[in-house]
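Here's the letter readout for the chains.
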Amino acid sequence: DIRGIVNLRDGGGFIPAKLVIELVMGLSAGRKILTALDFGCGVVGFVGKALEQQKAEVTALTQVSECAAFSKLLCKGTKVDVACANPIAWLEKTKLRFDFVFGAPPFGLKTELHLPLQGTNSKRNIDSVTAHMAWAGSRLTDDGIGIFVVPTGFVENQSNQSVETLNACGLNLIAYLS
């Protein structure tokens with residue numbers, strides 16, 4: 001249970017425990033990571049700084065100005081570029097591709113969003129976790145890996161059709177922790 005290795009705090013988001021960073025680093029071990037994206041609720045900078053130790057060029061992305069300011073201080077003098085922006089809007093516009101993506105998308109929000117789908121009808125009423133995963137996954141290199149913190153019941157909640165939506169966006173869900 002991911003809650004056992006994450007220190008939850010009031011106000012949303014979380015501050016990642018050392019074990020979360022060790023998990024991400026373990027999953028990325030042995031992979032050649034030149035570019036990485038780290039986004040989401042309070043995580044930004046911590047995982048990015050760890051990935052920078054592998055000499056990756058890291059983009060750390062958050063829409064919370066306090067998290068961005070803290071991450072900029074934490075990552076000063078590193079190859080981590082911290083940006084304060086809406087992750088989905090930023091991912092829609094960027095042409096960057098990443099070997100590795102780590103994200104903690106916001107839980108519990110549902111809205112109508114454009115997704116990285118082929119065809120003209122790419123707008124879906126979808127939960128924000130699936131939308132963030134779809135957009136971040138669309139920016140992975142061909143052999144890139146994405147690791148995302150998801151809420152309990154992410155796959156079981158069939159009203160979201162998370163797995164089907166991710167497949168339609170060209171992503172394969174191999175495993176998940178919640």
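Since the model is a prediction, treat every value here as computed from it, not as a measurement. (Residues numbered from 1 in each chain as written. Predicted model: local features only at pLDDT ≥ 70, side-chain atom pairs only at ≥ 80, totals over all residues. Heavy atoms only, no water.)

## Remarks on the overall build of the protein chain
Link 1 in the chain: Scanning the protein chain for helices and strands turns up six helices and nine strands.
Link 2 in the chain: Looking at the protein chain as a whole, 47% of its 178 residues qualify as buried.
Link 3 in the chain: Long-range contacts, defined as pairs at least 24 residues apart, comprise 57% of the intrachain contacts of the protein chain with a sequence gap of at least 6. (Helix = DSSP H or I, 4+ residues; strand = E, 2+ residues; numbered from the N terminus. Buried < 20%, exposed > 50% of the residue type's maximum accessible area, 1.4 Å probe, protein only. Contact = heavy atoms within 4.5 Å.)

## A closer look at the pattern of salt bridges
Link 1 in the chain: For the structure shown, the criterion picks out one salt bridge.
Link 2 in the chain: In this structure, Arg-97 engages Asp-142 in a salt bridge whose closest nitrogen and oxygen atoms are separated by 3.6 Å. One end of the pair, Arg-97, is in the loop between α4 (87-93) and β6 (98-104); the other, Asp-142, is in strand β9 (residues 140-148), with 45 residues separating them in the sequence.
Link 3 in the chain: With a relative accessible area of 81%, Asp-142 lands in the exposed category. (Salt bridge = Lys/Arg side-chain N within 4 Å of Asp/Glu carboxyl O.)

## Remarks on the packing of aromatic side chains
Link 1 in the chain: Considering all chains together, one arrives at two aromatic pairs under this definition.
Link 2 in the chain: Ring geometry for Phe-39 versus Phe-148: centroids 6.3 Å apart, planes at 55 degrees, classification tilted. Linking Phe-39 in strand β3 (residues 35-40) with Phe-148 in strand β9, this pair joins segments that are 109 residues apart in sequence. Each member of the pair, Phe-39 together with Phe-148, is buried. (Phe/Tyr/Trp six-rings, centres within 6.5 Å; stacked < 30°, edge-to-face > 60°.)

## Section: the sheet that holds β6
Link 1 in the chain: Ordered in space as β5-β4-β3-β6-β9, the five strands form an open sheet in which the pairing is parallel. A single partner strand is all that each edge strand has here, and the edge strands are β5 (80-84) and β9. Each strand axis lies, on average, 15 degrees off the axis of its neighbour in the sheet, ignoring direction.
Link 2 in the chain: When β6 meets β9, the two strands line up parallel, connected through five bridges. Within the sheet, the bridge partner assigned to Phe-102 lies in β9 and is Ile-147.
Link 3 in the chain: Contacting β4 (57-62) and β5, helix α3 (residues 65-74) crosses the sheet at an angle of about 160 degrees to β5. (Pairing = 2+ DSSP bridges. Axes fitted to C-alpha atoms, helices over the stretch in contact; angles between N-to-C directions.)

## Overview of the pairing of β3
Link 1 in the chain: Counted residue by residue, β3 has five buried out of six residues, so it is predominantly covered.
Link 2 in the chain: Relative to β4, β3 runs parallel, the two sharing five bridges. Directly across from Asp-38, in β4, lies its bridge partner Ala-60.
Link 3 in the chain: Note: β3 against β6, five bridges, orientation parallel. By the bridge assignment, Phe-39 is partnered in β6 with Gly-103.

## Focus: α3
Link 1 in the chain: Listed as buried for α3 are Cys-67, Ala-68 and Ser-71. The buried residues of α3 occupy one face: seen down the axis, they fall within an arc of 100 degrees. In this structure, α3 carries Glu-66 and Leu-73 as exposed residues pointing more than 90 degrees from its buried face.
Link 2 in the chain: In the core, the buried residues of α3 are packed alongside β4 and β5. (Arc of directions from axis to C-beta.)

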